[in-house]
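Remarks on the overall topology
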Amino acid sequence: MASTFAAVFEIVSFGAIIVLVVLGLGIIASMMGIFNFAQGEFVLLGAYVTYLAYAHGAPVWAGMVAAPFVVGAIGFVLEALIIRRFYAAPIVAMLGTYALGLIIRESVRGLIGGFYLTVPEPIGGSIDLGSVHISAWRFTIIVITLLVMGACYLLLARTSFGLRVRATLENPALARASGISTPLIYGATFAFGAALAGLAGALIVPVFSLFADLGIRFLIQGFVAVMVGGVGSFIGPVAGAGVIGTLSAALPWVMSPVVADVLVFVLAIAFIKFRPQGLIAGKGV
């Protein structure tokens, strides 16, 4: 019983990490019509900002608070200077954001020297539930993920900003005629998605350590999760993240981790083949 509960907790906590990564990627894909292949590197930047704050004597939690704002600001600048030139050509956007991610990743690799750098957990220790001991920090990540999901939904579905974002997505020309600054909305949306990736990186760096390739795995899993969940809605990518995160964490308990990773992608490809609109159909990109 104890081992089963521990396994379920590991699966849920890893799924929460995937959801955090996918939230930003899904918002950018659904709201802006492009796949941001630099999203994994925004996760890396969030982890790096947290490490820098800790290395310079600030509390770890201070770096975690700063990370989404710093990464969001970087995303806003990159959108204004580079990304917005790709909206008319989504395939070119994928190549452009991939190149941008490569530049970020190799820049961080040069700064940290190819090492694995550790950051302590702000909330250490474990939570004891009878004979079961679960990581207090991983439990915190689950709670934060739930709060962020609820806040994102309310922001996009229940606020004037969310209304302007949806209007710009649906009909940019009419939105401009109504007085909405579509370039500002695109920039803010991209920055918001980047900030979510930065938050994900800040939260996971105590678990996975900081290294230059930190974001690559999460980018691939995030991309697959968005495709499985469906592009064009808020719920779709989150549902896809739950499925991919659960499979990625559960299968290694019963088979080799390498075989499990391959099987996850095979199952995802087969699902997308027979249901290309994803679990929850939305506005296709």
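Residues numbered from 1 in each chain as written. Predicted model: local features only at pLDDT ≥ 70, side-chain atom pairs only at ≥ 80, totals over all residues. Heavy atoms only, no water.

Description of a nonpolar patch on the surface
- Taken together, the side chains of Tyr153, Leu154, Ile235, Val243, Leu279 and Ile280 make up a nonpolar region of the molecular surface, amounting to roughly 460 Å² of accessible area.
- Those elements that provide at least two residues to the nonpolar patch are α5 (136–158) and α10 (235–250). (Patch = residues over 30% accessible without salt bridge, like charges linked within 9 Å, V, L, I, M, F, W, Y side chains within 5 Å. Areas by Shrake-Rupley, 256 points an atom, 1.4 Å probe, with all protein chains shown as cover. Salt bridge = Lys/Arg side-chain N within 4 Å of Asp/Glu carboxyl O. Helix = DSSP H or I, 4+ residues; strand = E, 2+ residues; numbered from the N terminus.)

Here we look at the UniProt feature "transmembrane region" (unreviewed entry) in the chain
- Listed under "transmembrane region" (unreviewed entry) in the UniProt record, and renumbered for this structure, are residues 6–27, 34–54, 60–78, 85–104, 136–156, 184–212, 218–244 and 251–272.
- Between the first and last C-alpha atoms of residues 85–104 the distance is 19 Å; the span itself is 75% helix and 0% strand. (UniProt positions renumbered as here; feature names shortened; annotations may be inferred.)

Description of the nonpolar core
- The biggest cluster of nonpolar side chains holds 83 residues, and the ones touching the most others in it are Phe42, Leu210 and Phe218.
- Among the elements that take part in this core, helix α1 (residues 2–32) stands out by supplying 17 residues, more than any other. (Core = buried A, V, L, I, M, F, W, Y, C linked by side-chain atoms within 4.5 Å. Buried < 20%, exposed > 50% of the residue type's maximum accessible area, 1.4 Å probe, protein only.)

So, the side chain of Thr145
- With respect to the secondary-structure elements, Thr145 resides in helix α5.
- Residues within four places of Thr145 in sequence aside, it is in contact with Ala16, Val19 and Leu20. (Contact = heavy atoms within 4.5 Å.)

A word on the packing of aromatic side chains
- Under the counting rule described, the total for this entry stands at five aromatic pairs.
- Ring plane angle 70° and centroid distance 5.1 Å describe the contact between Phe35 and Phe223, whose orientation is recorded as edge-to-face. A residue pair is termed long-range when its members are at least 10 positions apart, and Phe35 in the loop between α1 and α2 (39–55) and Phe223 in helix α9 (residues 214–229) qualify at 188 residues.
- Residue classification places Phe35 among the buried positions, given a relative accessible area of 10%.
- The exposure class of Phe223 is partly exposed, given its relative accessible area of 27%.
- Members of the aromatic cluster, connected to one another through ring pairs, are Phe35, Phe37 and Phe223. (Phe/Tyr/Trp six-rings, centres within 6.5 Å; stacked < 30°, edge-to-face > 60°.)

Structural notes on the packing of α2 against helix α8 (residues 182–208)
- Between α2 and α8, whose axes approach to 6 Å, the crossing angle comes to 55°. In terms of orientation, α2 and α8 fall into the oblique class. In this structure, α2 meets α8 at a crossing whose hand is right-handed. On the side of α2, the interface is formed by Gln39, Phe42, Val43, Gly46, Ala47 and Thr50, while α8 contributes Phe190, Gly193, Ala194, Ala197, Gly198, Gly201, Ala202, Ile204 and Val205.
- Here the residues of the contact of α2 with α8 are counted per class, giving nine nonpolar, six polar and no charged. (Axes fitted to C-alpha atoms, helices over the stretch in contact; angles between N-to-C directions. Parallel < 35°, antiparallel > 145°, perpendicular 65-115°, else oblique. Left-handed = near helix turned anticlockwise from the far one by under 90°. Nonpolar A, V, L, I, M, F, W, Y, C, P; charged D, E, K, R; others polar.)

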